[in-house]
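Structural overview
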Amino acid sequence: MKLKQLESLLGTLQQFSNPKAENSFGDVTDKVVADFGCGCGTLGLAAALLGAEHVIGLDIDAQSIEIASTNAEDLELDMDFVQCDLRNLGWRGPIVDTVVMNPPFGTRRKGADMDFLSVALKIASQAVYSLHKTTTRDHVKRTALRDYHAKSAEVLCELRYDVPQLYKFHKKKEVDIAVDLWRFVPRGV
């Protein structure tokens, strides 16, 4: 099947009229949202489509920023993009309402996902949505609550994530990973 055929078929699928996260918590519509490690922009674009007031995509990789920007233009969405290393992000205090992110899982550079979470909890005023490997569930919860001072840390659902061999350091053609979708609430809320 060609990519265009797949896109066409996926475009005809029935969608949720009220996505659970947005319907349950009100963390996206009319909010300022940051997409950490935005890659091609999928999570930030989804936030914009769900009615976010403003979306900012951040990524260390210039090519990712370029692709995300093109995707936003293609969808006629007004988004800002910043190329930066999140570990050196100079933002202080709550700058955005909500952070969405699919951080590196920390298998290549141990703790990479937790670096993202630490920064996200410092700059989000309302919520942080993040994906982490299910095998790290206890560690993620303990660290978020104890070390990063999150008010709450809740797994919303467990997903299966097929990671294709995208980088040279990937040893297998594809790996199926169990992933948790988390919602964290920063202490200031």
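None of the values given here were measured: they were computed from a predicted structure. (Residues numbered from 1 in each chain as written. Predicted model: local features only at pLDDT ≥ 70, side-chain atom pairs only at ≥ 80, totals over all residues. Heavy atoms only, no water.)

**What about the overall build of the protein chain?**
Here is the rule: Strands are runs of DSSP state E lasting at least two residues, helices are runs of H or I lasting at least four, and both sets are numbered from the N terminus onward. Three labels apply to residues, based on accessible area from a 1.4 Å probe with only protein chains included: buried if under 20% of the type maximum, exposed if over 50%, partly exposed otherwise in between. Any two residues having at least one pair of non-hydrogen atoms within 4.5 Å are treated as being in contact.
A count of helical and extended segments in the protein chain gives 6 helices and 7 strands. Reading the secondary structure of the protein chain in the N-to-C direction produces α-α-β-α-β-α-β-β-α-β-α-β-β. Residue burial in the protein chain is summarised as follows: out of 189 residues, 40% are buried. Considering only contacts within the protein chain whose residues lie at least 6 apart along the sequence, 65% involve residues at least 24 apart.

**Observations concerning the environment of His132**
Here is the rule we go by: Nitrogen and oxygen atoms within 3.5 Å of one another constitute a polar contact, given that in protein one can donate a hydrogen and the other can accept it, and given that sequence-neighbouring residues count only through two side-chain atoms.
Tracing the chain through its elements places His132 in strand β5 (residues 124–133). Considered as a pair, His132 and Asp113 are 19 residues apart in the sequence and their alpha carbons are 7.3 Å apart. At 3.1 Å, the side chain of His132 and the side chain of Asp113 are in polar contact.

**Some thoughts on the side chain of Thr134**
Position of Thr134 among the secondary structure elements: in the loop between β5 and α6 (137–147). Residue Thr134 is classed as buried on the basis of its relative accessible area, which comes to 17%. Look past the residues within four positions of Thr134 in its chain and what remains in contact with it is Glu158, Ala178, Val179 and Asp180.

**Concerning the packing of aromatic side chains**
Aromatic rings in a pair are described by how distant their centres are and how their planes are angled relative to each other. Rules: Working definition: a ring pair exists when centres of Phe, Tyr or Trp rings (six-membered ring for Trp) sit within 6.5 Å. Plane angles under 30 degrees give stacked, over 60 give edge-to-face, the rest tilted. Only lysine NZ and arginine CZ atoms are considered, and such an atom sits over a ring when it is within 6 Å of the ring centre and within 35 degrees of the ring normal.
Applying the stated rule across the entire model yields 1 aromatic pair. Ring geometry for Trp182 and Phe184: centres 5.2 Å apart, planes at 10°, overall stacked. The exposure classification of Trp182 matches that of Phe184, with both residues buried. Across the ring face of Phe25, the terminal group of Arg183 is positioned such that the distance to the ring centre comes to 3.9 Å.

**Thoughts on the pattern of salt bridges**
Which entries qualify depends on this criterion: Salt bridge, as used here, is a side-chain nitrogen of Lys or Arg placed within 4 Å of a carboxyl oxygen of Asp or Glu.
Under the defined criterion, the tally for this structure stands at 6 salt bridges. Between Asp27 and Arg183 there is a salt bridge, with its nearest N and O atoms 2.8 Å apart. Separated by 156 residues along the polypeptide, Asp27 in the loop between α2 (20–25) and β1 (32–36) and Arg183 in strand β7 (residues 174–185) bring together distant segments of the chain. Like Arg183, Asp27 is buried. In this structure, a network of salt bridges that share partners links the residues Arg137, Glu158 and Asp180.

**Examining the nonpolar core**
Note the following rule: Note on terminology: a nonpolar core comprises buried Ala, Val, Leu, Ile, Met, Phe, Trp, Tyr and Cys residues joined through side-chain atoms within 4.5 Å.
Counting residues in hydrophobic clusters, the biggest one holds 26 residues, and the most contacted among them are Phe36, Leu58, Val99, Met101, Leu117, Val128 and Phe184. In this view, Val99 contacts Ala34, Phe36, Ala120, Ile123, Ala124, Ala127, Val128 and Tyr129; residues no more than four positions away in its chain are not counted. Counting residues in hydrophobic clusters, the runner-up holds 17 residues, among them Val28, Val55, Leu77 and Val100.

By themselves, these figures tell us nothing about what the structure is for.
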